[in-house]
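# Structure at a glance
One letter stands for each residue in the lines below.
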Amino acid sequence: MNKKNLVVFSAIQPSGNLTIGNYIGVLKHWKKFQKFYKCIFCIADLHSLTSLNKENILDRKKSILDTLALYLACGVDPNKSIIFIQSSVSEHSELNWILNCNTNFKELMRMTQFKNSLKNINNNLNAGLFNYPTLMAADILLYDTDKVHIGKDQKQHLELTRNIAIRFNNCNKNIFKIPDFLMIKTGSKIMSLLNPKKKMSKSDKNHKNVIFLLDNSEEIFKKIKSAVTDSNNPPNIFFDPKKKPGISNLLVIFSTLSGISLCDVKSYFLGKSYSQFKNIVFKVINNCIKKIQKKFFFYRKQEELLIKIAFEGAKKASFIAKRKLSEVYNSLGLLKKF
Ligand code: TYM
């Protein structure tokens with residue numbers, strides 16, 4: 001099959017600032033995917049309503065536009081891909097309801113992300129957090145997606161999406177395409193800087209754990225300096241996530257941004273102290289982030305352009321989503337006219 005006929009879907013929640021984990025795990029690859037696939041990139045603003053940090057209206061609007069400007073800064077091209085904001089295409093919410101009615105409560109209870117929220121948030125847990133994976137399934141299934149580009153933490157949600165789609169197809173003809181996941185080999189789970197056993201996350205309250213794409217050089221420098229390594233003497237810099245989680249995490253960041261493979265990093269850093277190693281990692285990150293930020297500020301200043309791009313993307317997405325939703329409604333005997 002011609003690869004250009006395959007649909008790749010991906011999305012990021014605009015809940016606060018994007019991290020270098022989002023960049024390395026997904027965003028960095030979208031520019032290249034546009035050459036090979038039909039790409040649909042969504043800003044999952046409805047998902048971000050579930051987040052604990054209750055942002056005010058202005059913060060939320062800012063996060064959405066920041067995310068869009070970062071997509072463009074990383075090379076996503078509205079002439080090659082569909083870029084849109086989730087809430088602008090109401091079919092996502094409509095299909096979400098239908099999929100909720102086809103999803104077992106127990107399946108949602110098994111989601112690791114939800115179980116973690118249950119542990120951490122407890123009495124402030126909203127129902128949106130529980131139903132979050134069915135909205136994600138709606139995002140994916142509306143577009144006959146072949147491949148969903150995600151980091152490791154979203155794999156369970158994609159497996160659920162596949163199960164929901166297969167079950168729906170069994171009862172209602174083959175309405176949905178069953179999507180596969182697309183995950184990069186190195187960098188699909190960048191870890192926290194101070195606790196390299198935990199995923200780097202934009203919602204982490206301790207900002208020392210996270211490098212944000214909009215951090216300045218001084219902040220990045222301090223964060224890399226305080227990142228956990230180990231106390232091997234003499235220093236020993238090689239990739240082994242089990243024995244050396246802190247060093248290995250920095251090596252993954254270094255490798256994905258510099259293009260020097262993980263096989264070659266040991267000889268590259270041979271004889272270097274941890275402090276020299278960190279200086280080199282800092283330089284690579286800083287170079288990369290500075291380039292992104294230069295383009296980011298160029299786009300971010302042009303709010304009207306951003307809104308126009310999102311609006312036009314939503315029109316294209318809506319056209320596809322409406323067609324799929326009408327098939328779903330018909331298959332269920334619902335009488336809505338599209
Ligand atoms: P979100 O916004 O948490 O993250 C966006 C994407 O970035 C990946 N990611 C990472 N990759 C590597 N290392 C990390 N530390 C790291 N942190 C995040 C995530 O795996 C994700 O692919 N529910 C999704 C957004 C979403 C979505 C979708 C994704 C909504 N609908 C449909 C794919 C398809 C989320 O919260 O991702």
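Looking only at helices and strands, one finds 13 helices and 5 strands in the chain. At 21 Å, the chain has a C-alpha radius of gyration in line with the 20 Å of a compact globule built from 338 residues. When its C-alpha atoms are laid out on the principal axes, the chain stretches across 70 × 45 × 45 Å. Each of the 338 residues in the chain was classed as buried or not, and the buried ones make up 51%. For the chain, the share of sequence-separated contacts (at least 6 apart) that also reach a separation of at least 24 residues comes to 74%. Accessible surface computed for the chain: about 17,000 Å², of which carbon and sulfur atoms make up 54%. Measuring between centres, the 55 positive side-chain charges of the chain sit 5 Å from its 25 negative side-chain charges.

Most of strand β2 (residues 38-43) is tucked away: 5 of the 6 residues are buried. The β-α-β motif built from strand β1 (residues 7-12), the intervening helix α1 (residues 20-36) and the parallel element β2 has right-handed crossover chirality. Here β2 runs beside strand β3 (residues 82-85); their pairing, made up of 4 bridges, is parallel. By the bridge assignment for β3, Phe41 is matched with Ile83.

Attention now goes to unusual backbone geometry. Cis geometry is found at the peptide bond from Asn233 to Pro234, where omega equals 5 degrees. Of note, Pro234 is situated in the loop between α9 (217-226) and α10 (245-258). Its identity is not glycine, yet Asp144 carries a phi of approximately 50 degrees, on the positive side. Phi at Lys173 is positive, roughly 50 degrees, even though this residue is not glycine. Among the secondary structure elements, Lys173 is positioned in the loop between α8 (155-171) and β5 (180-182).

Quick look at the pattern of salt bridges now. On inspection of all chains with the given rule, the structure shows 16 salt bridges. The salt bridge involving Lys324 is made with Asp144; its shortest N-O contact spans 2.9 Å. On the criterion of sequence distance, the pair formed by Lys324 in helix α13 (residues 303-332) and Asp144 in the loop between α7 (127-141) and β4 (147-149) is long-range, its members being 180 residues apart. For Asp144, a relative accessible area of 31% translates into the label partly exposed. A salt bridge links Asp153 to Lys199, with the nearest nitrogen and oxygen atoms 3.1 Å apart. Here Lys199 lies in the loop between β5 and α9 and Asp153 lies in the loop between β4 and α8, a separation of 46 residues in the sequence.

Gln13, Tyr132, Asp139, Asp153 and Lys202 are the nearest of the 26 residues found near the ligand. With respect to the ligand, the backbone of Met200 contributes an N or O atom lying 2.9 Å from a nitrogen atom. Contacts to the ligand include Lys202, whose side-chain N or O atom sits 2.7 Å from an oxygen atom. Summarising the interface, the protein chains cover 98% of the accessible area of the ligand, which totals 710 Å² for the free molecule.

A few words on α7. Look at α7: 22 Å from first C-alpha to last across 15 residues, which is about the 21 Å you get at 1.5 Å a residue. The principal kink in α7, of about 40 degrees, is found at Pro133. For α7, the set of buried residues is Leu129, Phe130, Tyr132, Pro133, Thr134, Leu135, Met136, Ala137, Ala138, Asp139, Ile140 and Leu141. For α7, the N-terminal cap is Asn126; the gap from its side-chain oxygen to the backbone nitrogen of Gly128 is 3.0 Å.

Mapped onto the secondary structure, Asp240 falls in the loop between α9 and α10. Distance from Asp240 to Ser15, taken between C-alpha atoms, is 32 Å for residues 225 residues apart in sequence. Residues within four places of Asp240 in sequence aside, it is in contact with Pro245 and Ser248.

Moving on to the sheet that holds β2. In space, the 5 strands of this open sheet follow the order β3-β2-β1-β4-β5, with parallel pairing throughout. Each edge of the sheet is formed by a strand with only one pairing partner; in this case those strands are β3 and β5. The mean inter-strand angle of the sheet, taken between neighbouring strand axes irrespective of direction, is 25 degrees. Examined bridge by bridge, β1 and β4 share 2 bridges and lie parallel to one another. When the sheet's bridge partners are listed, Phe9 is paired in β4 with Val148.

Attention now moves to the packing of aromatic side chains. Counting across every chain of the model gives 16 aromatic pairs. Seen from their ring centres, Phe221 and Phe282 are 5.1 Å apart, and the 85 degrees between their planes marks the pair as edge-to-face. Of this pair, Phe221 sits in helix α9 while Phe282 sits in helix α12 (residues 274-300); the two residues are 61 residues apart in sequence, bridging distant segments of the chain. The interplanar angle of 75 degrees and the centroid separation of 5.1 Å between the aromatic rings of Phe298 and Tyr299 together place this pair among those described as edge-to-face. Members of the aromatic cluster, connected to one another through ring pairs, are Phe254, Tyr268, Phe269 and Phe277. Here the basic side chain of Lys266 rests over the ring of Phe238, its NZ or CZ set 5.1 Å away from the ring centre.

Here is what the cut-offs are and how they apply
Residues numbered from 1 in each chain as written. Predicted model: local features only at pLDDT ≥ 70, side-chain atom pairs only at ≥ 80, totals over all residues. Heavy atoms only, no water. Helix = DSSP H or I, 4+ residues; strand = E, 2+ residues; numbered from the N terminus. Rg over C-alpha atoms; globule rule 2.2 N^0.38 Å. Buried < 20%, exposed > 50% of the residue type's maximum accessible area, 1.4 Å probe, protein only. Contact = heavy atoms within 4.5 Å. Areas by Shrake-Rupley, 256 points an atom, 1.4 Å probe, with all protein chains shown as cover. Lys, Arg positive; Asp, Glu negative; His and termini not counted. Charge placed at Lys NZ, Arg CZ, Asp CG, Glu CD. Right-handed = clockwise from strand over helix to strand, strands pointing away. Pairing = 2+ DSSP bridges. Salt bridge = Lys/Arg side-chain N within 4 Å of Asp/Glu carboxyl O. Near = heavy atom within 4 Å. Polar contact = N/O pair within 3.5 Å; in protein donor to acceptor, adjacent residues only side chain to side chain. Expected span 1.5 Å × (residues − 1). Bend = angle between axes of the 7 residues up to and from the residue. Axes fitted to C-alpha atoms, helices over the stretch in contact; angles between N-to-C directions. Phe/Tyr/Trp six-rings, centres within 6.5 Å; stacked < 30°, edge-to-face > 60°. Lys NZ or Arg CZ within 6 Å of the ring centre and 35° of its normal.

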